[in-house]
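Each chain is listed here by its residues.
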Amino acid sequence: MRVSPTSLPEVLLLEPEVACDARGFVVESFNQRVFEAAVGHTANFVLDVHSRSQRGVLRGLHYQLPPCAQGKLVRVIAGRVFDVVVDMRRSSPNFRRWFSVELDAEKPQQVWIPPGFAHGFLALSETAEVLYKTTSYYAPGTEGSVRWNDPDIGIEWPRMNSAPTLSARDAQAPALAEALVFD
């Protein structure tokens, strides 16, 4: 597995090896030992989530606060997404900074998002399917979100022909100045 650092030091881009032949391909999408060697610590994944979105659907920016903060290992299995990670740790020198990458099912990359970061994505293809593993269960009482287009964060989203399709929760997400954040 090739591991690439990103502009946010704790967030990693992981690219597993793909074995291709005339029949198709095989990829080992997750190996606990290899993953822990890449991130430098143990991780206990407890939940797998699978989402399907139509073009223009924007999900996020979501996170969970302690004691249920989540790490996420994200990959796309169908289509393409513009994937975004934002540092939500007030004490971090990278607070408010963001990283983005286009994840495409044709190129099996994964993003490791440790606890303390918000995550979101925009579906770029007709449909997109995203799988992610989490290190904590979904806990509604600890969930946080921040507005996808907050100018204090300044994410440079891809050009869209119309406004993105948002959930009611995402449409009402607070600006970073009002959001609950990590210490």
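Owing to the predicted nature of the structure, the values given are computational and were not obtained by experimental measurement.

Rules used throughout
- Residues numbered from 1 in each chain as written.
- Predicted model: local features only at pLDDT ≥ 70, side-chain atom pairs only at ≥ 80, totals over all residues.
- Heavy atoms only, no water.
- Phe/Tyr/Trp six-rings, centres within 6.5 Å; stacked < 30°, edge-to-face > 60°.
- Helix = DSSP H or I, 4+ residues; strand = E, 2+ residues; numbered from the N terminus.
- Buried < 20%, exposed > 50% of the residue type's maximum accessible area, 1.4 Å probe, protein only.
- Pairing = 2+ DSSP bridges.
- Axes fitted to C-alpha atoms, helices over the stretch in contact; angles between N-to-C directions.
- Contact = heavy atoms within 4.5 Å.
- Core = buried A, V, L, I, M, F, W, Y, C linked by side-chain atoms within 4.5 Å.
- Salt bridge = Lys/Arg side-chain N within 4 Å of Asp/Glu carboxyl O.

**Remarks on the packing of aromatic side chains**
- In total, this model carries 8 aromatic pairs according to the counting rule given.
- Measuring from ring centre to ring centre gives 6.1 Å for Phe 45 and Trp 112, while their planes differ by 90°; the resulting arrangement is edge-to-face. One end of the pair, Phe 45, is in the loop between helix H1 (32-39) and strand S5 (47-54); the other, Trp 112, is in strand S10 (residues 110-113), with 67 residues separating them in the sequence.
- You can call Phe 45 buried: its relative accessible area is 16%.
- Since its relative accessible area comes to 3%, Trp 112 is described here as buried.
- Centroid distance Phe 82 to Trp 157: 5.5 Å. Interplanar angle 55°. Geometry classified as tilted. Note that Phe 82 is positioned in strand S8 (residues 80-87) and Trp 157 in the loop between strand S13 (143-145) and helix H2 (168-171), a separation of 75 residues in sequence.
- Residue Phe 82 is classed as buried on the basis of its relative accessible area of 10%.

**Focus: the sheet that holds S5**
- Taking strand neighbours across the sheet as the criterion, the 6 strands line up as S1-S2-S10-S7-S12-S5 in an open arrangement whose pairing is antiparallel. A single partner strand is all that each edge strand has here, and the edge strands are strand S1 (2-5) and S5. Along the sheet, successive strands turn relative to each other by an average axial angle of 25°, direction set aside.
- Alignment of S5 against strand S12 (residues 127-134), held across 8 bridges, turns out to be antiparallel. Across the sheet, residue His 50 finds its bridge partner in S12, namely Leu 131.
- Sitting on the sheet, H1 is in contact with S1, strand S2 (12-15), strand S7 (72-78) and S10, with an inclination near 145° to S2.

**Some details on the pairing of S12**
- Here S12 lies mainly inside the structure; 6 of its 8 residues are buried.
- Where S7 meets S12, 6 bridges bridge the pair, whose relative direction is antiparallel. The partner of Lys 72 across the bridge, within S12, is Thr 134.

**A few points about the nonpolar core**
- If you look at the biggest cluster of nonpolar residues, it comprises 21 residues, and the most contacted ones within it are Val 86, Met 88, Ile 155 and Trp 157.
- Looking at this core, the elements that each hand over two or more residues are strand S6 (58-64), S8 and strand S11 (117-123).
- The contacts of Met 88, once residues within four sequence positions are left out, are Tyr 63, Phe 95, Gly 116, Phe 117, Ala 118, Val 146, Leu 176, Leu 180, Val 181 and Phe 182.
- Core analysis: the second largest hydrophobic core is formed by 18 residues, Val 74, Leu 103, Ile 113 and Phe 117 among them.

**Considering the sheet that holds S8**
- The strand order S9-S8-S11-S6-S13 describes an open sheet built from 5 strands, whose pairing is antiparallel. Each having just a single partner strand, strand S9 (98-104) and S13 make up the two edges of the open sheet. Ignoring strand direction, the axes of neighbouring strands in this sheet form an average angle of 25°.

**So, the pattern of salt bridges**
- In the structure shown here, the tally under the stated rule is 9 salt bridges.
- Between Glu 15 and Arg 2 there is a salt bridge, and its shortest N-O distance comes to 2.7 Å. One end of the pair, Glu 15, is in strand S2; the other, Arg 2, is in strand S1, and 13 residues separate them in sequence.
- Glu 102 serves as the salt-bridge partner of Arg 80, at 2.8 Å between the closest nitrogen and oxygen. Of this pair, Arg 80 sits in strand S8 while Glu 102 sits in strand S9, placing them 22 residues apart in sequence.

**Some remarks on the environment of Ala 43**
- When you line up the elements, Ala 43 lands in the loop between H1 and S5.
- Sequence-wise, Ala 43 and Tyr 138 are 95 residues apart; in three dimensions their C-alpha atoms are separated by 16 Å.
- Excluding anything up to four places from it in sequence, Ala 43 contacts Gln 32, Phe 35 and Glu 36.

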